[in-house]
Amino acid sequence: MLKTVLALDDNEEDVAAGETTAVLASPAETIADCRARAEVYRLLCGAFVEEPGSEFIAALRTPAALAELAEAGLRFDADFLDAPHDALIEALAIEYTQQFASSGGFPAVESVRLTGRYKQQPNFDAMQTYKRLGFVLRPGRFEVFADQLGVELMFVAELLDRAANALEQGDAVTQRRLDKEIKRFWTQHLGRWVRGYSRLIERTSEHSFFREMARFLGGFAAEEIEAMGLRIEDRDQARLEVPKDDIRVEFNPNEPVCNGCMTDALSTTLSAPDNVRRLEEMRGLSKLNDLRDPG
């Protein structure tokens, strides 16, 4: 596991479904493990949350970082190792756009990978989890989604840092609670899609940077799931095409176009539950996805 790469940039509940019993380490070992894992999560976040920045790439191309990446199994080609810095940044920006931000690419977004659409249930569920644990999602250079890969990875990194801080202060109860939150998040989000998605990006990437980072992501995800003792189905399956889930919308077919024309009698009639019909009932569809924010 990487120990120092991201140091270059200084800038009691029920267990999750599918969790098995894990062996407890000493507090010092647990703290070190949390810090090391958080660094790897941030490394992967830097590769996928948006097009890699100049400082991030410069840090990765130092001899020490490259040696550590090689030790972790990453084998970059000359397009990453030998290219002039400015040319490399431009090439990565183009590849990122083609691979992750264009209509023919594969967005690193859980909703898209599992439902074929943006801002579906995974996005709403992730947002609720962030809110419950006191995190606020702020946009960077571009709009980001709560279930974007880099955001989900950064969230777990922050939880790991919180867990390490709690244990350093002797608060084992908080550390165990955060550990369960991490396992729950993997079970409900990351574990359902990143393994298949990483295989897809490894296969479709032209630049060795994204190919190797995707391969690293897949291996790291498998290690994390095994280490946490989780059993999670990979729903992504590295699909080139993800069928779009049907949209579910609730509306009242008797509601007039202009509410200002509504009489008291009609208002009373429309308030009756029996007059509310789902769009899926009218179309005879069985599996439809709710676009409404459950919050």
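Our subject is the structure that appears above.
Residues numbered from 1 in each chain as written. Predicted model: local features only at pLDDT ≥ 70, side-chain atom pairs only at ≥ 80, totals over all residues. Heavy atoms only, no water.

Enquirer: Looking at this structure, how should I read the overall build of the protein?
Expert: In terms of regular secondary structure, the protein is built from 12 helices and four strands. Within the protein, the proportion of its 295 residues that are buried is 44%. (Helix = DSSP H or I, 4+ residues; strand = E, 2+ residues; numbered from the N terminus. Buried < 20%, exposed > 50% of the residue type's maximum accessible area, 1.4 Å probe, protein only.)

Enquirer: Would you mind going over the environment of R176 with me for this structure?
Expert: When you line up the elements, R176 lands in helix α9 (residues 172-204). Looking at R176, the relative accessible area reads 36%, which means it is partly exposed. In this structure the C-alpha to C-alpha distance between R176 and A166, which are 10 residues apart in sequence, comes to 9.4 Å.

Enquirer: Is there a simple way to explain the packing of aromatic side chains in this structure?
Expert: What characterises a pair of aromatic rings is the spacing of the ring centres plus the angle enclosed by the ring planes. Tallied over the entire structure, the rule returns 17 aromatic pairs. Seen in terms of ring centroids, F100 and F210 are 5.5 Å apart; in terms of plane orientation they differ by 65°. Their pairing is edge-to-face. With F100 in helix α5 (residues 85-101) and F210 in helix α10 (residues 208-227), the pair connects residues that are 110 residues apart, well separated along the chain. For F210, a relative accessible area of 0% translates into the label buried. On the basis of an interplanar angle of 35° and a centroid distance of 6.1 Å, the ring pair of Y130 and F185 is categorised as tilted. (Phe/Tyr/Trp six-rings, centres within 6.5 Å; stacked < 30°, edge-to-face > 60°.)

Enquirer: How should I be thinking about the pattern of salt bridges in this particular structure?
Expert: Opposite charge on two side chains allows them to pair when their charged atoms are near. The tally for this structure, following the rule as stated, stands at 15 salt bridges. For E158, the salt bridge is made with R42, and the minimal N-O distance between the two is 2.8 Å. Residue E158 is located in helix α8 (residues 149-168), and its partner R42 is located in helix α1 (residues 27-48); the two are separated by 116 residues in the primary sequence. The class of E158 is partly exposed, set by a relative accessible area of 28%. The salt bridge partner of R215 is E212, with a shortest N-O separation of 2.5 Å. (Salt bridge = Lys/Arg side-chain N within 4 Å of Asp/Glu carboxyl O.)

Enquirer: What is the right way to look at helix α7 (residues 121-132) in this model?
Expert: Each α-helix winds once per 3.6 residues, and so residues spaced three or four apart point in a common direction. The end-to-end C-alpha separation of α7 is 16 Å, in line with the 16 Å expected for 12 residues at 1.5 Å each. All of the buried residues in α7 are P122, N123, F124, A126, T129 and Y130. Once α7 finishes, G134 follows within two positions and takes phi at roughly 85°, a positive value. (Expected span 1.5 Å × (residues − 1).)

Enquirer: Quick question: what am I supposed to make of the nonpolar core here?
Expert: Among soluble globular proteins, nonpolar side chains are generally buried collectively. Counting 64 residues, the largest nonpolar core has L44, F48, L149, W186, L190, F209 and M213 as its most contacted members. At the level of elements, α1, α2 (54-60), α5, α7, α8, α9 and α10 are the ones that each hand at least two residues to this core. Broken down by element, this core gets its largest block of residues, 11 residues, from α8. Look past the residues within four positions of F209 in its chain and what remains in contact with it is A47, P52, F56, I57, L60, F76, F80 and L92. (Core = buried A, V, L, I, M, F, W, Y, C linked by side-chain atoms within 4.5 Å. Contact = heavy atoms within 4.5 Å.)

Enquirer: How should I be thinking about the packing of α9 against α10 in this particular structure?
Expert: If you want to describe how two helices pack, look at the angle between their axes and the distance between the axes. Where α9 meets α10, the closest approach of the two axes is 8 Å, and the angle between their N-to-C directions is 145°. The two elements α9 and α10 meet at a crossing, and its hand is left-handed. Two secondary-structure elements touch here, α9 through W186, G191, V194, R195, S198, I201 and E202 and α10 through F210, R211, A214, R215, L217, G218, A221, E224 and I225. (Axes fitted to C-alpha atoms, helices over the stretch in contact; angles between N-to-C directions. Left-handed = near helix turned anticlockwise from the far one by under 90°.)

Enquirer: Hey, could you run me through the environment of Q175 in this one?
Expert: Tracing the chain through its elements places Q175 in helix α9. For the pair Q175 and L159, spaced 16 residues apart in sequence, the C-alpha separation works out to 9.3 Å. Setting aside residues up to four positions removed in sequence, Q175 forms contacts with T30, A163, A166 and L167.

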